[in-house]
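Structural features, examined
Chain by chain, the residues run as shown.
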Amino acid sequence: MTALATSTSRHGIAFMLGGMFFVSLNDMLIKLLAGGYPLHQIIFMRSFVGLVLTFGMLMAEGGVSLLRTGKPMLHTLRCLCIIIANSCMYAAIVAMPLATANAIYFVAPLFVTLLSIPVLGEHVGPRRFAAIGAGFVGVLVMMMPELTAGSAGLGWVVVLPLFAAAGYASMSVLTRKLGATSRASALAIQIQLAFLAISAVMYFIAGDGRYLPDDASTSVRFLLRPWLWPSLWDALVFGGLGAVSAMVGYFMTQAYRLSPAAVVAPFEYVLLLYALFWGWTIFGEWPQPSVFMGVAIVIASGVYVFMREGRRATARRA
């Protein structure tokens, strides 16, 4: 039984590492496209391609019948959480370095621990609460230079990854709760359908750019600019983005289905290495020193929380 659990955990970790690579690739491609296309158009075209690929996974795992569920409201809430998370994160990465946005976003695993109390009924002791508090101090270390820099800083945009982290954490906890009765392909296809629906609604409301102010910031312009017909090269990038999106949904869902959050969540921190690589090689970006100081505090806090959770899980099994 222990050997089986260990093997399952290793598979979950492998899926998490792969998922983080696809997440970083997804962020990089979206930032490449953000200069000419609105977010809802990128999401629509990405999700259309991703839906086709995810549907193939669904059929391979058992067919359309897997989409039936007895908890439609929880599934809908899960989809809304990831939509909010992605919208905030993508609006952030167009205005700040990839690594900076992802460093602030690393508070997500700490949110997962907090949300596991009301959603999963888990107990969090004072030591883990203290570590979570330290993690949020690390986030402040990263954010304060931008918030206090006036017009020279990022301003309110620096807060967007924090909202993205909260949305992603909510989705992760609900995935863990729903994954016991739903397959990864079914959970992934629900997200693709939700993205298609929301982006289609945004097209009919603001697809012609009518609500775009002349003095809009980079993030607001990304959200409200009009749709454009893509060039051949951009169409190929959209297709690649859709394939990456399908991989993200499947890999991340499998990671949380196969292993406890305390086991796989620490491996999300590899995303910073990917983000540093893409930011430096593709966009010529490099974070401020305060980002490295803050992310070190956040990672240390997160690792401590996960180690405590791992020890508690071992004690319960014993």
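This structure is a prediction, so every number in the text was calculated from the model and none was measured.

Looking only at helices and strands, the chain has 13 helices and 0 strands in total. The helix and strand sequence of the chain, counted from the amino end, reads α-α-α-α-α-α-α-α-α-α-α-α-α. In terms of overall dimensions, the chain is globule-like: its C-alpha atoms have a radius of gyration of 19 Å, near the 20 Å expected for 318 residues. In terms of principal-axis extent, the alpha carbons of the chain reach across some 60 × 50 × 35 Å. Put simply, the chain has 318 residues, and 51% of those count as buried. Between the mean site of the 20 positive side-chain charges and the mean site of the 11 negative ones, the chain shows a separation of 17 Å.

Next up on the list: empty space enclosed by the protein. In total, this model carries 2 cavities of 30 Å³ or more according to the counting rule given. Of the voids in this model, the largest cavity is the one considered here, and its volume is about 430 Å³. Lining the largest cavity are 29 residues, and of these Val23, Ile82, Asn86, Tyr168 and Val248 lie nearest its centre. Of all the secondary structure elements, the ones that give two or more residues to the lining of the largest cavity are helix H1 (2-33), helix H3 (72-93), helix H4 (98-105), helix H7 (160-178), helix H8 (184-206) and helix H10 (232-258). Taken together, the residues of the lining of the largest cavity break down into 17 nonpolar, 9 polar and 3 charged. Empty space within the second largest cavity amounts to approximately 30 Å³. The residue makeup of the lining of the second largest cavity, split by class, is 6 nonpolar, no polar and 1 charged.

Attention now moves to the pattern of salt bridges. Counting across every chain of the model gives 3 salt bridges. One salt bridge in this structure joins Glu61 and Arg183, with 3.9 Å as the shortest N-O distance. Within this pair, whereas Glu61 is found in helix H2 (residues 39-61), its partner Arg183 is found in the loop between H7 and H8, the two being separated by 122 residues in sequence. Its relative accessible area of 34% is what places Arg183 among the partly exposed residues. Asp208 is the salt-bridge partner of Arg210, the closest N and O atoms lying 2.9 Å from each other.

This paragraph deals with the nonpolar core. In terms of nonpolar packing, the biggest core is built from 86 residues, with Ile42, Ile93, Met142, Tyr168 and Phe222 touching the most fellow members. If sequence neighbours within four positions are ignored, Ile42 has contacts with Ile30, Leu33, Ala34, Tyr37, Phe222, Phe238 and Leu241. Membership of the second largest hydrophobic core comes to 5 residues, among which are Leu51, Leu58, Ala186 and Leu196.

Across the 8 residues of H4, 8 count as buried, placing the element largely inside the fold. Along H4, the residues classified as buried are Leu98, Ala99, Thr100, Ala101, Asn102, Ala103, Ile104 and Tyr105.

Packing of H7 against H10 brings their axes to within 9 Å, and their N-to-C directions diverge by 55°. Taken together, H7 and H10 sit at an angle that is classed as oblique. In the crossing of H7 with H10, the sense of the turn from one axis to the other is right-handed. The residues of H10 that touch H7, namely those facing Tyr168, Ser172, Thr175 and Arg176, are Met252, Thr253, Tyr256 and Arg257. Of the residues belonging to the contact of H7 with H10, the class tally is 3 nonpolar, 3 polar and 2 charged.

In this structure, the second largest pocket occupies an estimated 260 Å³ of space. If you trace the second largest pocket, you find 16 residues lining it, with Leu39, Ser87, Ile198, Met202 and Leu223 closest to the centre. Those elements that provide at least two residues to the lining of the second largest pocket are H2, H3 and H8. By residue number, the principal contributor to the lining of the second largest pocket is H3, which donates 6 residues. In terms of residue class, the lining of the second largest pocket is built from 12 nonpolar, 4 polar and no charged.

The rules we used
- Residues numbered from 1 in each chain as written.
- Predicted model: local features only at pLDDT ≥ 70, side-chain atom pairs only at ≥ 80, totals over all residues.
- Heavy atoms only, no water.
- Helix = DSSP H or I, 4+ residues; strand = E, 2+ residues; numbered from the N terminus.
- Rg over C-alpha atoms; globule rule 2.2 N^0.38 Å.
- Buried < 20%, exposed > 50% of the residue type's maximum accessible area, 1.4 Å probe, protein only.
- Lys, Arg positive; Asp, Glu negative; His and termini not counted.
- Charge placed at Lys NZ, Arg CZ, Asp CG, Glu CD.
- 1 Å grid on protein atoms, 1.4 Å probe; cavity = no way out; pocket = protein on both sides within 12 Å on 5 of 7 lines; lining within 4 Å.
- Points joined across faces, edges and corners; volume = space filled by probe spheres on them.
- Nonpolar A, V, L, I, M, F, W, Y, C, P; charged D, E, K, R; others polar.
- Salt bridge = Lys/Arg side-chain N within 4 Å of Asp/Glu carboxyl O.
- Core = buried A, V, L, I, M, F, W, Y, C linked by side-chain atoms within 4.5 Å.
- Contact = heavy atoms within 4.5 Å.
- Axes fitted to C-alpha atoms, helices over the stretch in contact; angles between N-to-C directions.
- Parallel < 35°, antiparallel > 145°, perpendicular 65-115°, else oblique.
- Left-handed = near helix turned anticlockwise from the far one by under 90°.

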